[in-house]
Amino acid sequence: LISRAFRRQFIIPEFQEFCKNIEEIYWKCKDNTDGKVASYIPQLKRMSPNYWGISICTIDGQRFSVGDVAIPFTIQSCSKPLTYGIALDLLGADVVHQYVGQEPSGRNFNELILDHNKKPHNPMINAGAILICSLLKTLVGPEMTSAEKFDFTMNYFERLAGNEDMGFNNAVFLSERECADRNYALGFYMRENKCFPENSKFKECMDFYFQCCSLEVTCDQLSVIGATLANGGICPLTEEKVLKPESVRDVLSLMHSCGMYDYSGQFAFKVGVPTKSGVSGALLVVIPNVMGICLWSPPLDALGNSCRGVQFCEELIKKFNFHRY
Ligand code: DON
């Protein structure tokens, strides 16, 4: 890092100047009071609508953050690209995509539908993510207990985040499981259609999905995860190769086309960088070969994306043309 600094070889050479612009957009978006905090479980409903944080980590480890960047929140659907990436790495894309498609569903993230092959449309929606969790539970280290599989997966998430300890919110986990009629319905519908791998245990797979959603991260940590994805699977802070570049390519492709619920097409058009949102108000933004950004603000728009987060992305692209095309 230091020798690059002397040679001024950073991917964003004028980083301080860049960050000043980010901070300006931060304050602009702070005034946005649109949207509603998720209310389907009490633990999310209690989140202050005023929380707003931005963290950035570049592929060469330059970091910047502003606002509420050290407050833990549950990772929720931002876990979906990560469990998908782990499954790709350990099982290979051919095996994984025997079970799940690559097509946007064009419907809500929890809609009770399968594609014309009777598979979930993609790993970024609930059905696909539940299926991915069943692959990780059943086909990867089948001898592991549920506790071991949880530790194993959390350890992956932590390594993606630069080896920083992560939390687990047990109250969210219990509430998620309690208020999961739709997710169970999706699970049963997939079981009826023989979507799951042989020998998978239904209840354990569903629990594992809820556990992955209930892992707790901060904005800072999620930005490092984004940077690891931007850097082809090598964490810029530890230099550990956590995921293979081909797995990361697949993850980013589907984040690009399916990561923003039923706003994914418009988002890909307007903003044009792979992003995944979660119901806790997080946006995991990956600018390949440049940086990871985490945006976190609980109020959500009608489609379930963080209002301030989406506004930030649109403003960012107006100012800096990170759009892939
Ligand atoms: O499955 C659920 O309903 C939540 N625990 C995850 C929700 C979420 O972030 C929506 N994702 N696509």
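Above this note sits the structure.
Below is a summary of the structure that appears in this document. (Residues numbered from 1 in each chain as written. Predicted model: local features only at pLDDT ≥ 70, side-chain atom pairs only at ≥ 80, totals over all residues.)

## Things to note about the sheet that holds strand β6 (residues 275-277)
What counts is decided by this rule: Paired strands, as defined in this entry, are two strands with at least two bridges between them according to DSSP. Secondary structure follows DSSP: runs of H or I at least 4 residues long count as helices, runs of E at least 2 residues long count as strands, and numbering of each begins at the N terminus. Fitted lines through C-alpha atoms give the axes, limited to the stretch in contact for helices. The angle between two N-to-C directions lies from 0 to 180 degrees. Our contact criterion uses C-beta atoms placed from the backbone: two residues qualify when those atoms are within 7 Å.
As summarised here, the arrangement of the five strands in space is β2-β1-β8-β7-β6, forming an open sheet in which the pairing is antiparallel. Edge positions in the sheet fall to β2 (63-67) and β6, since each has one partner strand and no second. Each adjacent strand pair in this sheet contributes to an overall mean axis angle of 10°, direction not counted. Taken together, the six bridges between strand β1 (residues 53-58) and strand β8 (residues 291-296) define a ladder with antiparallel strand orientation. Across the sheet, the residue bridging to Ser55 is Cys294, located in β8. This element, helix α11 (residues 219-230), spans β1, β2, β7 (282-287) and β8 of the sheet and lies at about 150° to β8.

## Let's talk about the sheet that holds strand β4 (residues 167-168)
Judged by pairing direction, the sheet is antiparallel, and its three strands sit side by side in the order β3-β5-β4 without closing on themselves. The open sheet has two edge strands, β3 (73-74) and β4, and neither has a second partner.

## Describing the site of the ligand
Quick note on the threshold: The C-beta atom of each residue is placed using the backbone, and any residue whose C-beta lies within 6 Å of a molecule or strand is treated as near it. Under the scheme applied here, ten amino acids are nonpolar (Ala, Val, Leu, Ile, Met, Phe, Trp, Tyr, Cys and Pro), four are charged (Asp, Glu, Lys and Arg), and all others, including Gly, are polar.
Neighbouring the ligand are the residues Gln76, Ser77, Phe109, Asn126, Glu176, Asn183, Cys213, Gly278 and Val279. Here the residues of the shell around the ligand are counted per class, giving three nonpolar, five polar and one charged.

## Quick word on unusual backbone geometry
Just so we agree on the cut-off: Counts of 20 or more other C-beta atoms within 10 Å of a residue's own C-beta define buried residues, counts of 12 or fewer define exposed ones, and intermediate counts define partly exposed ones; C-beta atoms are placed from the backbone.
Positive phi is not limited to glycine here, since Gln76 has a value of about 45°. Mapping Gln76 onto the fold places it in the loop between β3 and α4 (80-91). On the basis of neighbour counts, which here come to 23 C-beta atoms within 10 Å, the residue Gln76 falls in the buried class. The backbone of Lys118 shows a phi angle near 60°, a positive value even though the residue is not glycine. Here Lys118 shows up in the loop between α5 (93-99) and α6 (126-138). With 12 C-beta atoms packed within 10 Å, Lys118 lands in the exposed category.

## Points about the packing of helix α2 (residues 15-30) against helix α14 (residues 307-319)
Note the cut-off: When describing relative orientation, an angle under 35 degrees is termed roughly parallel and one over 145 degrees roughly antiparallel, while 65 to 115 degrees is termed roughly perpendicular and anything else oblique. Left-handed describes a crossing whose near helix is turned anticlockwise from the far helix by less than a right angle; the clockwise case is right-handed.
Interhelical geometry of α2 versus α14 gives an angle of 140° and a closest axis separation of 10 Å. In terms of their interaxial angle, α2 and α14 are classed as oblique. Like other packed secondary-structure pairs, α2 and α14 cross with a definite hand, here right-handed. For the pair formed by α2 and α14, the contact residues are Asn21, Ile25, Lys28 and Cys29 on the first element and Arg308, Gln311, Phe312, Glu315, Leu316 and Lys319 on the second. In terms of residue class, the contact of α2 with α14 is made up of four nonpolar, two polar and four charged.

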